[in-house]
Amino acid sequence: MVVAESKPVTEILEMIKEFKKVVVAGCKGCVTVCNSGGEKEVGILASELRLARKVAGNDLEVVEYTCERQCDPEYIEPLDDLVKDADAVVSIACSVGPQYIAARYPFLPVFPGLNTVFIGGAAEHGVWKEYCQACGQCIIGDFGGLCPVARCAKSLMNGPCGGSSGGKCEVGKGTIDCIWHLIYERLKNLGQLSKLENPWGFKNWSTSRDGGPRTMIREELRK
Ligand code: SF4
Ligand code: SF4
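Below is a summary of the structure that appears in this document.

The rules behind each value
Residues numbered from 1 in each chain as written. Chains lettered and ligands numbered in written order. Predicted model: local features only at pLDDT ≥ 70, side-chain atom pairs only at ≥ 80, totals over all residues. Heavy atoms only, no water. Helix = DSSP H or I, 4+ residues; strand = E, 2+ residues; numbered from the N terminus. Rg over C-alpha atoms; globule rule 2.2 N^0.38 Å. Buried < 20%, exposed > 50% of the residue type's maximum accessible area, 1.4 Å probe, protein only. Contact = heavy atoms within 4.5 Å. Areas by Shrake-Rupley, 256 points an atom, 1.4 Å probe, with all protein chains shown as cover. Lys, Arg positive; Asp, Glu negative; His and termini not counted. Charge placed at Lys NZ, Arg CZ, Asp CG, Glu CD. Expected span 1.5 Å × (residues − 1). 1 Å grid on protein atoms, 1.4 Å probe; cavity = no way out; pocket = protein on both sides within 12 Å on 5 of 7 lines; lining within 4 Å. Points joined across faces, edges and corners; volume = space filled by probe spheres on them. Nonpolar A, V, L, I, M, F, W, Y, C, P; charged D, E, K, R; others polar. Pairing = 2+ DSSP bridges. Axes fitted to C-alpha atoms, helices over the stretch in contact; angles between N-to-C directions. Phe/Tyr/Trp six-rings, centres within 6.5 Å; stacked < 30°, edge-to-face > 60°. Near = heavy atom within 4 Å. Sits in = over half its atoms within 2 Å of the grid points. Core = buried A, V, L, I, M, F, W, Y, C linked by side-chain atoms within 4.5 Å.

Before going further, it helps to spend a moment on the overall build of the protein. A count of helical and extended segments in the protein gives eight helices and seven strands. For the protein, whose C-alpha radius of gyration is 22 Å, the value lies well above the compact-globule estimate of 17 Å for 223 residues. Over its C-alpha atoms, taken along the principal directions, the protein stretches across nearly 65 × 45 × 25 Å. Taken over 223 residues, the protein has a buried fraction of 36%. Considering only residue pairs separated by 6 or more positions, the protein has 60% of its internal contacts joining residues 24 or more positions apart. Here the protein displays about 13200 Å² of accessible surface, and carbon together with sulfur accounts for 54% of that area. Averaging the coordinates of the 26 positive side-chain charges in the protein and doing the same for the 28 negative ones gives two points 4 Å apart.

Between its terminal C-alpha atoms helix α3 (residues 39–55) stretches 24 Å, which fits the 24 Å expected from 17 residues at 1.5 Å a residue. Considered for burial, the residues of α3 that qualify are E41, V42, G43, L45, A46, L49 and R53. The elements touched by buried residues of α3 are α1 (9–15), β2 (21–27), β3 (61–67) and β4 (88–91). Two residues or fewer after α3 comes G57, characterised by a positive phi angle close to 70 degrees.

Turning to empty space enclosed by the protein, a few remarks are in order. Here the structure, examined in full by the defined rule, presents one cavity of 30 Å³ or more. Of the voids in this model, the largest cavity is the one considered here, and its volume is about 100 Å³. Looking at the largest cavity, it is lined by 16 residues, and the ones nearest its centre are C152, A153, C161, C169 and C178. Class assignment of the residues belonging to the lining of the largest cavity gives a composition of 10 nonpolar, two polar and four charged.

Turning our eyes to something else, we now look at the sheet that holds β4. One open sheet accounts for four strands, arranged β3-β2-β4-β5; its pairing is parallel. Single-partner strands in this sheet number two, and they are β3 and β5 (110–112). On average, each strand axis in the sheet is inclined to that of its neighbour by 25 degrees, with strand direction left out of account. Note: β2 against β3, seven bridges, orientation parallel. Along β3, the bridge assignment pairs V22 with V62. Across the sheet, α3 lies against β2, β3 and β4, angled at about 170 degrees from β3, the strand it touches most.

This part takes up the packing of aromatic side chains. The geometry of an aromatic ring pair is captured by two quantities: the separation of the ring centres and the angle between the planes. According to the stated counting rule, one finds three aromatic pairs in the structure shown. Consider the rings of F19 and F111, whose centres lie 6.1 Å apart with planes at 45 degrees: the pair is tilted. With F19 in the loop between α1 and β2 and F111 in strand β5, this residue pair connects regions lying 92 residues apart in the sequence. Overall, F19 belongs to the buried group, its relative accessible area being 11%. What makes F111 buried here is its relative accessible area of 18%. For the ring pair F143 and W200, a centre distance of 5.8 Å and an interplane angle of 40 degrees mean the geometry is tilted. You can see F143 sitting in the loop between β7 (127–132) and α7 (148–151) and its partner W200 sitting in the segment after α8 (179–189), a full 57 residues away along the chain.

Further remarks concern the site of ligand 2. The local shell around ligand 2 holds 13 residues, among which C152, P160, C161, C169 and C178 are the closest. When atom positions are compared with the pocket grids, ligand 2 is found to occupy the largest cavity. Within the shell around ligand 2, the residues separate by chemical class into nine nonpolar, two polar and two charged.

This part takes up the site of ligand 1. Every residue close to ligand 1 is listed here: Y131, C132, Q133, A134, C135, C138, I139, I140, C147 and V149. For the shell around ligand 1, the residue count by class is nine nonpolar, one polar and no charged.

A few words now on the nonpolar core. As a rule of thumb, soluble globular proteins bury nonpolar side chains together. Residues I16, V22, V24, L45, L49 and V62 are the most contacted members of the largest nonpolar core, which totals 22 residues. Counting only elements with at least two residues in this core, the list comes to α1, β2, α3 and β4. Among the elements that make up this core, the one with the highest residue count is α3 (four residues). If we skip the residues at most four places from it in the chain, I16 touches V22, L49, R53, L60, V90 and F111.

Right, here's the structure in full:
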């Protein structure tokens, strides 16, 4: 899932300081799963904004809305009525959401209420870790199913750097596993250490950000 974290309320208050009425828009997708942008968080943020502005003697009207997915234009449509007399939208979806809302309402200010951080998974309750950088050409089959692109601090493809120590990465002061240690252990378990005997070669980075903004087309789904 896409992992995102809340921006500080003070930052959001600064973004909307000149407005009298805003819509706080959440999303029931990834950001609900990582507890940063679902229905509950919409309610909390809306209350915080109202309260802070009340204390400042400058009341703010906040409309709450949470859609199925902000990354699907059809789910943004219901905002049409809600934004009619609003001054701005604060989106607490991943950063696709505010960009879709901005595209739909050319004359309405839109602000991100979250920082989109990475594609990750839950390690334990309240802890999320990065597993994928969306490089566009998944190669983990060659690495025991583990990703050196996202999980090595240097995206190394041919084994650990000199900073790996005791299975830990030199980045993170011993708190991050060296993914190359894990890859080695995994391939050893699988009896596939021979996979490490030859240089891996070149990765095609044009499918990653190096190739510019990406588009995925599934012709069979298009009408
Ligand atoms: S190789 Fe690329 S697509 Fe596969 S997990 Fe790593 S970053 Fe993600
Ligand atoms: S210690 Fe391991 S994970 Fe960290 S940068 Fe070096 S090879 Fe990558």
